[in-house]
Amino acid sequence: MAEKSPRYIVVLGSLMSGLGKGIVTSSIGRILQSKGYSASPIKFDGYLNVDCGTMNPLRHGEVFVLDDGTECDMDFGTYERFMSKPLTKINSITGGKLFQRIIQKERAGGYLGRDVQIVPHVTDEIKSWIRLVGTETKSDFVLIEVGGTVGDLENSYFIEAMRQMAREEGDKMLFIQLTYVTALSPGELKTKPTQHANRLITSMGIQPKIIMCRGDESLDKDAREKISLFCNVSLEDVFDDPKLETIYELPIVLEKQKFSERLLGHFGLKPEPEDLKGWSALVSRIKDPKNEIKVAISGKYTAVKDAYVSVKEALVHAAAANNTRVHIDWVDTEKLEKDDIKPSELLGQYDGIIVPGGFGNRGVEGKIKAIRYCREKEVPYLGLCLGMQLMTVEYARNVAKMENANSTEMDDKTPFPVIHIMPEQLKVREKGATMRLGAWECVLKKGTKAFEAYESEKFSTPKISERHRHRYEVNNELVGKLEEAGFIFSGRSPDGQIVEMAEWQSGWGVGTQAHPELKSRLETPAPLFVGFVKACLKRQKEKEKNEGKKE
Ligand code: GLN
C-alpha cells in the first residue's frame, strides 16, 4: 500500500512526563500495521548525549540496543515489541547527535559565509532527517514521538521544526496531543489543565487534530465536550487512554473507540478491515492464562522498575506463549553475602531464577551463591550476559576447582580469569559506543538445551543472531578445563573464537553472552525465555507431584 510520499504523525506530550507516549506511539504503529500500512517510528530526545550508552539505568531506565549497535532509549524496545520490526540508528534523534552533525558540517565548511542558527539550520537538519526516514524505510507513515513535554526548553526547536514541516506537508501531517485528565474526586473530572496545555501548543503554531487523554477514570460526556470545544477538535477525536492491566491492550482499546477510522479519515484514507485478531488472542492469554509461575530476578538495578524492562517484557511474552502468568519478584541477592541467610530461604519459593546484565562488583558474590543454589537444586536458571559470566565463574570455582576464579572485571588479580577482557578491547579508552554492541551471530551446538529452545520456536538453527552490550568474554585459554569438568559451551561465534552460550548438563540452566530479551516481541518471544518458562512449569509440576507423594 506504499504511497509515493509518506505521511507524518507527531505525538506531543503535554502537562507532565510519564504519560506513556512511547506506548501510545507504538500502539498507533501496531494499529496502522493491522490496517495494512507500514509505519516507522522516530524518537527525538532533547538531551545533549549522543546516545544513551553512557547513562546510568538508575537514572534513565534500561539502555536498549538495536541490531546496528545503536544504544538508545527504552521506548525503542516498546516500538519493536509492538511493531515487530527491527529499527536502526536513523530512528533515533538526540540533541547530541543533531548538534554533533551540525558542528561537523560547520567545521567541514558546509555553511561557509553564514552564521549557523537554530532556525533555519538546525530545523532544516531535523526536517531532512525525518523525511529521510520516510524514504529510506519506504514507510506509509512516519511516527514522530517528541521526548519530554511541550514547554520544555530542550525540545522547543524540534517542535518549531515540526511546525514548519506541517506547513510544508499540508494534510500529510497530523499532531496528537497526549494529556492527563485529573479527577478531583470520583466522577469529578477536570479538563482545564488540558485546555491550558492545548493553548500552549497552539501558541507554537500547531493545532492538534486528536487528543488522547490519560486518567484514572474514563472520560464522561461533559469532559469530552469541554475538551472538544476548548481545544478545537471534533468530539470523535477525543480518546480515552485508560489504565490497563497490560500495555499490549492499548491498540485494542483504541480501536474500540474507532481510532483508526478517525486517524485515517484525517489523511483522506479509507479504513481497511481490521486484523488485530492474533494480537487480541495473545492479550487474552496475558490477562487470563491457565498457569502461573513465580520467577526471581536478581539484578543490580532492581530499585528502578524500568532498568530491566526488556527482561520483564520478554518474560511476559514467553509466559503468554506458554499460557502462563509470570509473577516477578526483584530479589536482592546481595543479602546472601552475609552468611545469616541461606539461598533456600531467599529463593526456595521460586520456580526459576534469572540473573540479568550488570556492570561492576557490587552484589556479585550473592549472585554467584544464587547460581550455585540453582545448579545444585536443579532450579531453572537463565543467565543474561553478566548472568552467563557469573555462571561460568561459579562453575569454575565450585566444580572445576579453580579456586578464586573470577571475571577480571571484579578481580584483576584472580589466578583463574575465566572471564576477561578481549585483547582488542584493552586498547579502548573512550566510553561511548565502545563495547561489543549490536547483533552478533552465534552457532549453536546440536543436542544442547539452547539449540532445542531455538529450534522449538522455529528459528533457523544452528546459526542465530542476538544483540550484545558488554566488554568481557569467556577466556578461551580456560575453556578446555571447564569442559573437562562438564560445563557445556553450547554456542560460539561463527569463527569459533568467542563463546556465546553455556549450560549445565542437568536441570535447565542456560547462560548467554547476548541479551535475547532485546529481540523478544509479543508475537515472536525470545526462544531462551520460552525454554526457561517451560522449564519452570515442568519443575513446578514435579515439585507438586513430589509434595503430593510426601503427604
Ligand atoms: N559487565 C559485563 C561486561 O561488560 C556484563 C555486561 C552486561 O551484562 N551487559 O562484559
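Residues numbered from 1 in each chain as written. Predicted model: local features only at pLDDT ≥ 70, side-chain atom pairs only at ≥ 80, totals over all residues. Heavy atoms only, no water.

Chemist: Help me understand the sheet that holds strand 19 (residues 463–470), please; the structure alone is not making it clear to me.
Modeler: Adjacent strands of a sheet form backbone hydrogen bonds with each other and so pair up, either parallel or antiparallel. In space, the nine strands of this open sheet follow the order 13-12-14-15-23-22-21-18-19, with mixed pairing throughout. Bordering the open sheet on either side are strand 13 (324–330) and strand 19, each of which pairs with just one other strand. Across the sheet, the mean angle separating the axes of adjacent strands is 30° when strand polarity is ignored. Pairing analysis gives four bridges linking strand 15 (residues 381–384) to strand 23 (residues 509–512), with the strands arranged parallel. Residue pairing in the sheet places Tyr381 in a bridge with Gly509 of strand 23. The sheet contacts of helix 15 (residues 386–398) involve strand 14 (352–355), strand 15, strand 19, strand 22 (499–503) and strand 23, and relative to strand 15 the element is tilted by about 115°. (Pairing = 2+ DSSP bridges. Helix = DSSP H or I, 4+ residues; strand = E, 2+ residues; numbered from the N terminus. Axes fitted to C-alpha atoms, helices over the stretch in contact; angles between N-to-C directions. Contact = heavy atoms within 4.5 Å.)

Chemist: Would you explain the packing of helix 7 (residues 192–202) against helix 8 (residues 221–231) in this entry?
Modeler: The axes of two packed helices give the description: the angle between them and the distance between them. The N-to-C vectors of helix 7 and helix 8 enclose an angle of 20°; their axes lie 10 Å apart at closest approach. Of the possible angle classes, the one that applies to helix 7 and helix 8 is roughly parallel. The hand of the helix 7/helix 8 crossing is right-handed. Mapping the contact onto sequence places Thr194, Gln195 and Asn198 in helix 7 and Lys226, Phe230 and Cys231 in helix 8. Split into classes, the residues belonging to the contact of helix 7 with helix 8 amount to two nonpolar, three polar and one charged. (Parallel < 35°, antiparallel > 145°, perpendicular 65-115°, else oblique. Left-handed = near helix turned anticlockwise from the far one by under 90°. Nonpolar A, V, L, I, M, F, W, Y, C, P; charged D, E, K, R; others polar.)

Chemist: Is there a simple way to think about the pairing of strand 15 in this case?
Modeler: For a regular strand, side chains alternate in direction, first toward one face of the sheet and then toward the other. Neither face of strand 15 is left uncovered, since the one carrying Tyr381 and Gly383 and the one carrying Leu382 and Leu384 both have all their residues buried. What joins strand 14 to strand 15 is helix 14 (residues 364–377), and the crossover it makes is right-handed. (Buried < 20%, exposed > 50% of the residue type's maximum accessible area, 1.4 Å probe, protein only. Right-handed = clockwise from strand over helix to strand, strands pointing away.)

Chemist: What is the right way to look at the state of the cysteines in this model?
Modeler: Between two cysteines, a covalent bond joining their sulfur atoms is known as a disulfide. Counted by the stated rule, this structure contains zero disulfides. Between Cys52, a free cysteine, and Cys72, which holds the nearest cysteine sulfur, the sulfur-to-sulfur gap is 6.6 Å. In this model Cys536 remains outside any disulfide bridge; the closest cysteine sulfur is found in Cys374, 9.6 Å from its own. Residue class for Cys536 comes out buried when judged on its relative accessible area of 0%. (Disulfide = S-S within 2.5 Å.)

Chemist: How should I be thinking about unusual backbone geometry in this particular structure?
Modeler: Outside of glycine, negative phi angles account for most residues, and trans bonds account for most peptide bonds. With omega at 10°, the peptide bond leading from Val119 into Pro120 counts as cis. Considering the arrangement of structural elements, one finds Pro120 in helix 5 (residues 118–136). Cis geometry is found at the peptide bond from Thr461 to Pro462, where omega equals 5°. Locating Pro462 in the fold gives a position in the loop between helix 17 (449–456) and strand 19. The phi angle at Asn232 is positive, at roughly 65°, despite the residue not being glycine.

Chemist: In this structure, what is going on with the site of the ligand? I would like to understand it.
Modeler: Neighbouring residues of the ligand: Gly357, Gly358, Phe359, Cys385, Leu386, Gln389, Glu409, Arg469, His470, Arg471, Tyr472 and His515. The side chain of Glu409 places a nitrogen or oxygen atom 2.7 Å from a nitrogen atom of the ligand. The backbone of Tyr472 places a nitrogen or oxygen atom 2.8 Å from an oxygen atom of the ligand. Computed on the free molecule, the ligand has an accessible area of 290 Å², of which 98% lies beneath the protein chains in the complex. Listed by contribution, the elements that provide at least two residues to the shell around the ligand are helix 15 and strand 19. The class makeup of the residues in the shell around the ligand is four nonpolar, five polar and three charged. (Near = heavy atom within 4 Å. Polar contact = N/O pair within 3.5 Å; in protein donor to acceptor, adjacent residues only side chain to side chain. Areas by Shrake-Rupley, 256 points an atom, 1.4 Å probe, with all protein chains shown as cover.)

Chemist: Can you help me understand helix 17 in this one?
Modeler: Helical periodicity: at 3.6 residues per turn, an α-helix aligns residues three or four positions apart in one direction. Buried residues of helix 17: Lys449, Ala450, Phe451, Ala453 and Tyr454, and no others. One or two steps after helix 17, the chain reaches Lys458, where phi turns positive at roughly 60°.

Chemist: How should the packing of aromatic side chains be read in this particular structure?
Modeler: Any aromatic ring pair is given by two values, namely how distant the centres are and how the planes are angled relative to each other. Evaluation of the coordinates by the stated rule reveals 16 aromatic pairs. Pairing Phe76 with Tyr79 gives two aromatic rings, centres 5.3 Å apart and planes at 70°, and the pair type is edge-to-face. Within this pair, Phe76 and its partner Tyr79 are both found in helix 3 (residues 75–83), separated by three residues, close to a single helical turn. Relative accessible area serves as the criterion here: at 1%, Tyr79 is assigned to the buried category. Centroid distance Phe239 to Phe259: 5.1 Å. Interplanar angle 75°. Geometry classified as edge-to-face. (Phe/Tyr/Trp six-rings, centres within 6.5 Å; stacked < 30°, edge-to-face > 60°.)

Chemist: Can you help me understand the pattern of salt bridges in this one?
Modeler: It is possible for side chains of opposite charge to pair when their charged atoms get near one another. By the definition in use, this model includes 35 salt bridges. Close ionic contact of Asp73 with Lys43 constitutes a salt bridge, the shortest N to O distance being 3.2 Å. Residue Asp73 is located in the loop between strand 4 (71–72) and helix 3, and its partner Lys43 is located in strand 2 (residues 39–45); the two are separated by 30 residues in the primary sequence. You'll find Asp73 and Lys43 in the same group, each marked buried. With a shortest N-O distance of 3.8 Å, Lys243 and Asp216 are connected by a salt bridge. In this pair, Lys243 is assigned in the loop between strand 11 (238–242) and helix 9 (250–256) and Asp216 in the loop between strand 10 (210–215) and helix 8, connecting sequence segments 27 residues apart. (Salt bridge = Lys/Arg side-chain N within 4 Å of Asp/Glu carboxyl O.)

Chemist: How should I be thinking about the sheet that holds strand 17 (residues 417–421) in this particular structure?
Modeler: Pairing in this open sheet of three strands is mixed, and the strands run 16-17-20 from one edge to the other. The sheet is open, and its two borders are formed by strand 16 (406–407) and strand 20 (472–474), each paired with just one other strand. Inspection of the sheet shows strand 16 paired to strand 17 by two bridges, in the parallel sense. Residue Asn406 lies in a different strand from strand 17, and its bridge partner there is Pro417. Contacting strand 16, strand 17 and strand 20, helix 15 crosses the sheet at an angle of about 150° to strand 17.

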